[in-house]
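Structural overview for review
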Amino acid sequence: MHDFKLYKHYVEQLTQQLTDAKHRQLVLITGQAAWCYELLSALTDSDNVKLLSNSGIANSSWPEHTHELLGQEFIHAVYDGYSGIYPDKLAALAGTIKAGGLLFLLLPDLQRLASWQDPALKSVQSHGSSNRQSYFNLRFSRLLQTLPVIHFDEHTDFKQPPIKSNVTNKIEYQAQQQCVEQIIKVATGRANRPLIINADRGRGKSAALGLAAAALHDKKIIVCATQFRATHSCFKHLAKTLQVEYKAQQKHLTNLQYMAPDALLNQLPPCDLLLVDEAAAIPVPLLLAMLKHYPRIVFASTLVGYEGNGRGYTIRFTQHIKANYKAAKVVNLEDPIRFAKGDPLEQQVRTLFALDAQYNEYPPALSSIEHVEVTQQQLVDNEPLLQQIVALLALAHYQSSVNDLRHFLDAPAQRLFISRCQMHVVGVCLIAVEGGMDAELAKQVISGERRPQGHLMAQLLAQLSAQPSYLTKQSARVIRIAVAPNLHRQGVGKALLAHCQHQLTPTCSYIGASFGATAGLLHFWQSQGFSTVKLGYQRDKSTGEHSALVVKALDTSPQGLHTLTQQFKSDLFYGLLTHFSQLDSELVSELISKFSDESSVPSPPINTPISTINRFNTAPKLWYLFNHSPSCLMATKSEVRHLLIQMVLQNHNNEQLIKQHRLSGKKALEQQFKLAVKSLIKKPPNL
């Protein structure tokens, strides 16, 4: 029988030591659930602990979304692993703990964690697939046994781990103060000198925004973030500095006002300074729109945090800023201020979820690159390989979730292919295998009665076509594909994709991908034989782009896909006059480039002399021509094609066109239109 008094006495000593050191620590409690809960009750007081559990424990909560924990701080916290090991929730909870605090993690015996039926497994399982064991939990248990965590186990007699004494740390605020000064310079110095602040969790980034706002109390300042909770630290430090009262739901305090990104861009209110917090969570097109309108702007983002990894955002967005704003500055906050350097809990969380994975570029000979498939077992047995893959995927995408690692290791319907030179990974392609349903389920999916988890592309294709074969046959969906930055545009991605198709052909009838559509990305996929069959009506929240679905037949006749592409062609030409009227003309051109002509449909003649041609009498005939003979449009020069797309297919108004093409006025626009029509008349013989 364990004497819980010994445990409690030790925890009290540990808490005192952590308070002096300004550190935090992970305390692992393993055993039967009842024993873990009993020990937890003896160690904690509900007044000073945040408890995450859905097991019915008193005073517990189980937030559906991670962002519900943003902006909060607790002395201690408890994560009930018996409720399921969800990496985003566990990492988010760790981020709320103050210096001197403990994170209690409750789990079954570590030796059986891999085979334990973790409730979280259902979140990564596609319909019809199941896990024999959890590779994520296998890695998790191995690391927990090697990390310097405090471990209380039901089946092991209590032994007091050593406690360091007389350890006192000092938190350095100098870097944060310098950051505040840079923010003030943006507001008071020359315009159009944007500032980018990059920081890991707990570095005082949001606090610096609040401190700067207080120093600029005579300026009107707007703070923008996707979640209002994320700005609480900013408002708290403003209130504390100015010695005013602040309530948690207050979105306007003295000179500082909160606005969500969409509201900000819809209203475009004037301000002296715009602060964009957690910028990596905002689609880049929205950030660029803010940058264009507001001459004094600060972008702040978390690089490694429980919202996800912002490295991809940092690289690409920073490159854009530096290329277009020579006087822009970048500040990297490296020293923590929520706790002291060398915090054990921060390092433990980073290790457990591979948040510190760094990708180092390697200049290989292209001829020496090989493409291979890697199993989840191989990944969990090869930590350096896992780290390389995670780091490369994080570099290639604007946002990476902490949960990605769990999907990566545990989703039973996923396959992973890599390109490597010797032991260095230079390309990654992650694929989900979908379909394989019985006929009855396929029928229910098409009718809208069922929506089985994990078969996103198969379901969409079946509903677009009303053909159950897209559900009964297996297909492959590319979830992510990434290539080392130094090897872009050298054929590595194409070669890796070709290898994947070859390996998947024996079992899959189709391969496809869905992504935020840009002209460049779409060109890559269409150049590899993929056909676009769907373009989302609304812009994706994460990319700010319309989501495109591209598909390619592997072992069957492409006739079924031809029907879908023809259907998409009709939808697109209508959509360009309505919900796609503002679609980038480069993207429209790329979409149309793969449409085939309808030779049986005659094109209407243009009998009007060139001198009397105008948009009113000619645009309807051109719309008909482009719809049935898109090659006529694609045969024109790029600048002519873009003008005709915007004037005829998207029906932009004159003012918009004059501005877009930098023309002097309506007469100049009419002249450009006549020249464009003249170039068309010279081409097709039936005009």
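Calculation criteria
The residue numbering used here restarts from 1 in each chain and proceeds along that chain's sequence as written. Only residues with pLDDT of at least 70 are given local features in this predicted model, and only at 80 or more are side-chain atom pairs given and counted; all residues enter the totals for whole chains, interfaces and linings. Heavy atoms from the whole structure form the basis of all side-chain values; hydrogens and water molecules are not counted. Secondary structure elements follow DSSP: runs of H or I no shorter than four residues count as helices, runs of E no shorter than two count as strands, and numbering proceeds from the N terminus. The classification of residues rests on relative accessible area computed with a 1.4 Å probe and restricted to protein chains. Under 20% of the type maximum is buried, over 50% is exposed, and intermediate values are partly exposed. Per-residue and other accessible areas were derived by the Shrake-Rupley procedure at a 1.4 Å probe size, with only the shown protein chains allowed to occlude residues. Counted charges follow a simple rule, with Lys and Arg positive, Asp and Glu negative, and His plus the chain ends left uncounted. By convention, the charge on Lys lies at NZ, on Arg at CZ, on Asp at CG and on Glu at CD. Whether two strands pair depends on DSSP finding at least two bridges between them. When the strands point away from the viewer, a crossover counts as right-handed if the route from the first strand across the helix to the second turns clockwise. The term nonpolar core refers to a set of buried residues drawn from Ala, Val, Leu, Ile, Met, Phe, Trp, Tyr and Cys, joined through side-chain atoms within 4.5 Å. It only takes one pair of heavy atoms within 4.5 Å for two residues to be counted as in contact. We define a salt bridge as a side-chain nitrogen of Lys or Arg found within 4 Å of a carboxyl oxygen belonging to Asp or Glu. Note on aromatic pairs: the rings of Phe, Tyr and Trp (six-membered ring only in Trp) are paired at centre separations within 6.5 Å, and the planes decide the class, stacked below 30 degrees, edge-to-face beyond 60, tilted for the rest. By the criterion adopted, a ring carries a charge over it if an Arg CZ or a Lys NZ lies within 6 Å of its centre and within 35 degrees of its normal. Here the axes come from fitting lines to C-alpha atoms, over the contacting stretch only for helices, and the angles between their N-to-C directions go from 0 to 180 degrees. Patch definition: residues with relative accessible area over 30% and no salt bridge; like charges joined within 9 Å; nonpolar side chains (Val, Leu, Ile, Met, Phe, Trp, Tyr) joined within 5 Å. The span one expects for a helix is its residue count, reduced by one, times 1.5 Å. Side-chain atoms alone can form a polar contact between residues adjacent in sequence; in general such a contact is a pair of N or O atoms within 3.5 Å, and within protein one must be able to donate a hydrogen while the other accepts it.

Quick word on the overall build of the protein
Of regular secondary structure, the protein possesses 26 helices and 21 strands. Overall size of the protein, expressed as C-alpha extent along the three principal axes, is 100 × 65 × 50 Å. Out of the 687 residues belonging to the protein, those deemed buried represent 53%. Here the protein displays about 31200 Å² of accessible surface, and carbon together with sulfur accounts for 50% of that area. Counting 67 positive and 54 negative side-chain charges, the protein places the centres of these two groups 10 Å from one another.

Some points on the pairing of strand S10 (residues 273–277)
Counting buried residues along S10, 5 of its 5 residues qualify, which places the element largely inside the surrounding structure. Burial of the side chains of S10 extends over both faces: Leu273, Leu275 and Asp277 are buried on one face and Leu274 and Val276 on the other. With 4 bridges connecting them, strand S7 (residues 221–224) and S10 associate as parallel partners. Along S10, the bridge assignment pairs Val223 with Leu275. In this region the chain leaves S10, passes through helix H9 (residues 284–293) and returns to the parallel neighbour strand S11 (residues 297–302); the handedness of that crossover is right-handed.

Here we look at the nonpolar core
Within soluble globular proteins, side chains that are nonpolar generally end up buried alongside one another. Ranked by size, the top nonpolar core spans 89 residues in total, and within it Ile29, Phe104, Phe140, Phe152, Phe353, Ile389 and Phe408 carry the most contacts. Apart from residues no more than four positions distant in its own chain, Ile389 is found in contact with Leu379, Phe408, Leu416, Ile418, Val425 and Val428. In terms of nonpolar packing, the next biggest core, distinct from the first, is built from 54 residues, Phe417, Leu496, Leu644 and Ala676 among them.

Let's talk about the pattern of salt bridges
For the structure shown, the criterion picks out 18 salt bridges. Its salt-bridge partner being Asp356, residue Arg350 comes within 3.0 Å of it at the nearest N-O pair. For Asp356, a relative accessible area of 28% translates into the label partly exposed. A salt bridge links Glu598 to Lys569; the nearest nitrogen and oxygen atoms lie 3.2 Å apart. Here the residue Glu598 occupies a position in the loop between helix H21 (585–592) and helix H22 (615–628), and Lys569 occupies one in helix H20 (residues 559–575), the gap between them amounting to 29 residues. Classification of Lys569 by relative accessible area gives buried; the value is 2%.

Brief notes about the packing of aromatic side chains
In this structure the tally under the stated criterion is 27 aromatic pairs. Judged by centre distance (5.9 Å) and plane angle (70 degrees), the rings of Phe4 and Tyr7 are edge-to-face. On the criterion of helical spacing, the pair formed by Phe4 and Tyr7 is a turn pair, its members being 3 residues apart in helix H1 (residues 4–21). Considered together, Phe4 and Tyr7 belong to a single accessibility category, that of buried residues. The interplanar angle of 40 degrees and the centroid separation of 5.1 Å between the aromatic rings of Tyr470 and Tyr510 together place this pair among those described as tilted. Taken as a pair, Tyr470 in helix H17 (residues 469–472) and Tyr510 in strand S19 (residues 510–516) lie far apart in primary sequence, 40 residues in all. For Tyr470, a relative accessible area of 4% corresponds to the buried category. Through a chain of ring-to-ring contacts, three or more aromatic side chains come together here, namely Phe4, Tyr7, Tyr10, Trp35, Phe152 and Phe158. The cationic tip of Lys89 hangs over the ring face of Tyr86; the distance from NZ or CZ to the ring centre is 5.2 Å.

Structural notes on the sheet that holds strand S5 (residues 150–153)
Strand order in this open sheet of 5 strands is S2-S3-S4-S1-S5, and the pairing throughout is parallel. Unpaired on one side and paired on the other, strand S2 (49–52) and S5 mark the two borders of the sheet. This sheet shows a mean twist of 15 degrees between the axes of neighbouring strands, independent of strand direction. Set on the sheet, helix H3 (residues 87–94) makes contact with S2, strand S3 (76–80) and strand S4 (102–107); between it and S3 the angle comes to about 170 degrees. Here helix H11 (residues 344–352) sits on the sheet in contact with strand S1 (25–30) and S4, set at roughly 60 degrees to S1.

Description of the sheet that holds strand S16 (residues 414–421)
Here 7 strands make up an open sheet; going across it, the order is S15-S16-S17-S18-S19-S21-S20 and the pairing mixed. This sheet does not close on itself; its edge strands, each paired only once, are strand S15 (370–374) and strand S20 (531–539). Neighbour-to-neighbour, the strand axes of the sheet open up by a mean angle of 25 degrees, direction not taken into account. Contacts between helix H18 (residues 492–504) and the sheet are confined to S15, S16, strand S17 (424–435), strand S18 (474–483), S19 and strand S21 (546–553), with S16 contributing the most and set at about 135 degrees to the helix. Seen against the sheet, helix H19 (residues 519–527) touches S18, S19, S20 and S21 and runs at an angle of roughly 175 degrees to S19.

Points about a positive patch on the surface
Positive charge collects at one region of the surface, where Lys185, Arg190, Arg193 and Lys329 lie side by side. Along the chain, the position of Lys185 falls in helix H5 (residues 174–188).

Focus on unusual backbone geometry
Not every positive phi belongs to a glycine, and Gln243 is a case in point at roughly 55 degrees. Note on placement: Gln243 falls in the loop between helix H7 (232–242) and strand S8 (252–253). For Gln243, a relative accessible area of 72% corresponds to the exposed category. At Thr254, a residue that is not glycine, the phi angle is positive and equals roughly 45 degrees. With respect to the helices, strands and loops of the structure, Thr254 is situated in the loop between S8 and strand S9 (256–259). A relative accessible area of 44% means that Thr254 is categorised as partly exposed.

Examining helix H4 (residues 135–146)
With 12 residues, H4 extends 17 Å between its outermost C-alpha atoms, agreeing within 8% with the 16 Å of an ideal straight helix rising 1.5 Å per residue. Where burial is concerned, most of H4 is hidden: 9 out of the 12 residues are buried. Those residues of H4 lying buried are Tyr135, Phe136, Asn137, Leu138, Arg139, Phe140, Ser141, Leu143 and Leu144. At the N-terminal end of H4, a side-chain oxygen is found 3.5 Å from the backbone nitrogen of Phe136, two or three residues along, and the residue is Ser134.

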